[in-house]
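Okay, here's what each chain looks like letter by letter:
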There are 2 protein chains.
Amino acid sequence: MDKIDIKELARDLNLSTSTVSRAFRGNSDINAQTKERILARARELNYQPNLYASSLREKKSNTIAIIVPELANNFFSQAIKGIEKIARSKGYHTLIYVTDDEYQLEVSFIDDLSNGRVDGIIMSASGESKDHNYLNKLKKKHMPLVFFDRVYDDIDVAKVTTNDYESSFNATKHLIDAGCGKVAFLVINKSLSIGKMRLQGYVDALAAAGIPYKKELIIDCSNDHKKNYNILSKVLTTIKPDGLFASVERLAIASYYVCQDLGINIPKKVKVISFSSLEIAPLLNPSLTTITQPARDLGVHAAQLLFKSLESGEPAHEHVVLKSKIMPRRSTM
Amino acid sequence: MDKIDIKELARDLNLSTSTVSRAFRGNSDINAQTKERILARARELNYQPNLYASSLREKKSNTIAIIVPELANNFFSQAIKGIEKIARSKGYHTLIYVTDDEYQLEVSFIDDLSNGRVDGIIMSASGESKDHNYLNKLKKKHMPLVFFDRVYDDIDVAKVTTNDYESSFNATKHLIDAGCGKVAFLVINKSLSIGKMRLQGYVDALAAAGIPYKKELIIDCSNDHKKNYNILSKVLTTIKPDGLFASVERLAIASYYVCQDLGINIPKKVKVISFSSLEIAPLLNPSLTTITQPARDLGVHAAQLLFKSLESGEPAHEHVVLKSKIMPRRSTM
DNA sequence: TTGTAGGCGTTATCAC
DNA sequence: GTGATAACGCCTACAA
């Protein structure tokens, strides 16, 4: 009673394998009673069709991949939930890959994935301004790809993002309205589309307020907490901005640590606003003003685009844009 | 140049499929030059062995599953990192499943997984005191299972946990030493092994300090934030404990929200300690005293146990226990 | 409605 | 060192 396959089950039931097979496929004609009998016996014997045999035969895996830069982040986990909800409703499985913001890992995931392991990929990019040629492999293999949030401009596939430019403009304006005249823009990746958009929003908001743009206020950070801590310490003690606009959550966190350690009062000495989906932003000291993206909806839309492509057999090219929302809290008051 | 299989590649190279196949398998004898030639041409033509065919043939998927209750939680994402590191080093892929603390989802994941999709499972349980019979299916199919952190006592498989009883004892003592005489224990799932252990540590620490145990101070919470908020509001306004011991991070968070809204000062009116791997515990208002588990190591150990079982073909039964660490912060000062 | 048979792409066994 | 061939477990024409 160890491993049982369709043949044994068929023999056990005095039926042919085709009939048994039919009982498990939704479509084919089969006598309702026979089907019930088969399924019942299958449950008893603990039989399940072998996934790899089916997938080989059908040339589809009913599985999609989600590639994200990180997990311990409410934005991505919410987006994943959105994707999974849709995927599950379509009978698809979901594979999650975490790049930890390493370009090389992203490349190798895509590589591994292009052997047919999945039918499609939803991804938020990690890959800075690197070569994106490896993604063309997917196109050649007709494997649909949908980007969300962090996209590559030079790759023509379906994308779901938020109104980053506008949000960024408004966030900067929010700081200016709160009295900041020297707003630093903290960014990790200026070359990623999302970084560019957010930077532009910042620049234009300054201009709109008649504040001259200063290059030294664009602070290039990294994915390493220690490095960021040092960079920000230096900025806060030498350049002394009175406003910080973090284009990424972790830079706001790093800023908080620096201010805490250096005794720089938020919001008195410096006001802080950040793109963030942090659930406990209200509990920080002080509570953090955030630009919050509709993470779950982003996931839902991305999944819908992917399945549209999967079902039609055509690659999708839509670009869906959703709106983020500013949640003012004490860090900018 | 669309889809290419081993046959076409073989034809293209004037070789047999067996030889080509050998080029991709590590072991078999094959002329080094031939192999190089094959691999080079494969790269050119963008050929990769079909995963499903290989898996069907080899009867193994080189994939393992990780089942966790939630993602947006530093504990689990760290543990996942630990698992993935080991898995990757063994050439295995990793599938992540999130139950959202729903028992039914856990059951259905296990069900789906037992069709051979993965070679083994690492899981942190969601399933309260329910029936765990569905797990026996795995044993019948010789699919190894390893638990980490949240385990089922009635299932005899390998487990990796932390010294929950001891940590809980110490955490309670920490509150008592800080002057608390009326410590409430916040718990979600008393019937899960981990809940029991932590509760027992609390009870024994009270006894050791000569403080009588009061049943009303054991606060049963849920996974729903709103409900918890209400429960805790009531507790804090009626029972008025002077210490809160959250056996789970989200209960500390909920307590913070309640205290913030009700104007109850932490730590003056009530001190708070919690099991938590929250990275930004130091940034909360006030900074939160935590009992921090070695999440990543838990994952590493769990993966090692799983691979040991996978490699030996024998189920593993070890129970590894790692140590957590109390990080005192302002919430208990 | 059910059965027969061939093949999905790979790899292992056995020859040469 | 390389080639022919038979499975792996399932699904779908096609035939009955």
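Whatever comes next refers back to the structure up there.
Residues numbered from 1 in each chain as written. Chains lettered and ligands numbered in written order. Predicted model: local features only at pLDDT ≥ 70, side-chain atom pairs only at ≥ 80, totals over all residues. Heavy atoms only, no water.

## Examining the protein's contact with DNA strand D
- In the vicinity of DNA strand D there are 26 residues, among which Ile6, Tyr47 and Arg57 of chain A together with Thr19 and Arg22 of chain B approach most closely.
- Considering the 4 Å shell around the protein, atoms of DNA strand D inside it are sugar or phosphate in 61% of instances.
- Here a phosphate oxygen of DNA strand D sits 2.9 Å away from a polar atom, N or O, in the main chain of Asn50 of chain A.
- When contributions to the surface near DNA strand D are tallied by element, the ones reaching two or more residues are α2 (17-24) and α4 (51-58) of chain A together with α2 (17-24) and α4 (51-58) of chain B.
- Residues of the surface near DNA strand D, tallied by class, amount to seven nonpolar, eleven polar and eight charged. (Near = heavy atom within 4 Å. Polar contact = N/O pair within 3.5 Å; in protein donor to acceptor, adjacent residues only side chain to side chain. Helix = DSSP H or I, 4+ residues; strand = E, 2+ residues; numbered from the N terminus. Nonpolar A, V, L, I, M, F, W, Y, C, P; charged D, E, K, R; others polar.)

## A look at the interface of chain B and chain A
- Counting residues at the interface gives 52 residues for chain B and 52 residues for chain A.
- Carbon and sulfur atoms supply 54% of the area buried between chain B and chain A, which totals about 4,900 Å² over both sides.
- For the pair chain B and chain A, the interface holds two salt bridges.
- Close ionic contact of Asp100 of chain A with Lys81 of chain B constitutes a salt bridge, the shortest N to O distance being 3.6 Å.
- Seen at the junction of chain B and chain A, the total is 20 residue pairs in polar contact (both at pLDDT 80 or more).
- For the side of chain B that touches chain A, the secondary-structure elements that each account for two or more residues are α4, α5 (74-89), β2 (93-98), α6 (103-113), α7 (136-140) and α11 (249-262) of chain B.
- Partitioning the side of chain B that touches chain A into residue classes produces 22 nonpolar, 16 polar and 14 charged. (Contact = heavy atoms within 4.5 Å. Buried area = accessible area lost by both parts, 1.4 Å probe. Salt bridge = Lys/Arg side-chain N within 4 Å of Asp/Glu carboxyl O.)

## Details of the protein's contact with DNA strand C
- Close to DNA strand C lie 25 residues; Ser18 and Thr19 of chain A together with Ile6, Ser21 and Arg57 of chain B are nearest.
- A share of 59% of the atoms of DNA strand C within 4 Å of the protein falls on sugar and phosphate groups.
- The separation between a base oxygen of DNA strand C and a polar side-chain atom of Ser18 of chain A is 3.1 Å.
- Arg22 of chain A is positioned such that a nitrogen or oxygen atom in its side chain is 2.7 Å from a base nitrogen of DNA strand C.
- Counting residues per element, the ones that place at least two in the surface near DNA strand C are α2 and α4 of chain A together with α2 and α4 of chain B.

## Section: unusual backbone geometry
- The omega torsion of the bond from Asn285 of chain A to Pro286 of chain A falls at -5°, within 30 degrees of zero and hence cis.
- One can find Pro286 of chain A in the loop between β9 (271-275) and β10 (289-292).
- That bond from Ile266 of chain B to Pro267 of chain B is cis: its omega, 5°, falls within 30 degrees of zero.
- Structurally, Pro267 of chain B is set in the loop between α11 and β9 (271-275).
- Phi at Asn14 of chain B is positive, roughly 60°, even though this residue is not glycine.
- With respect to the secondary-structure elements, Asn14 of chain B resides in the loop between α1 (6-13) and α2.
- Phi at Asn62 of chain B takes a positive value of approximately 55°, unusual for a residue other than glycine.
- With respect to the helices and strands, the residue Asn62 of chain B is situated in the loop between α4 and β1 (63-68).

## Structural notes on the sheet that holds strand β3 (residues 120-123) of chain A
All names here are of chain A.
- Strand order in the open sheet formed by six strands is β2-β1-β3-β4-β5-β11, with parallel pairing between adjacent strands. Lying at the two open borders of the sheet, with one neighbouring strand each, are β2 (93-98) and β11 (319-322). On average, each strand axis in the sheet is inclined to that of its neighbour by 15°, with strand direction left out of account.
- Of the pairings in the sheet, the one linking β3 to strand β4 (residues 145-148) comprises three bridges and is parallel in character. What sits directly across from Ile122, in β4, is Val146.
- Sitting on the sheet, helix α5 (residues 74-89) is in contact with β1 (63-68), β2, β3 and β4, with an inclination near 170° to β1. (Pairing = 2+ DSSP bridges. Axes fitted to C-alpha atoms, helices over the stretch in contact; angles between N-to-C directions.)

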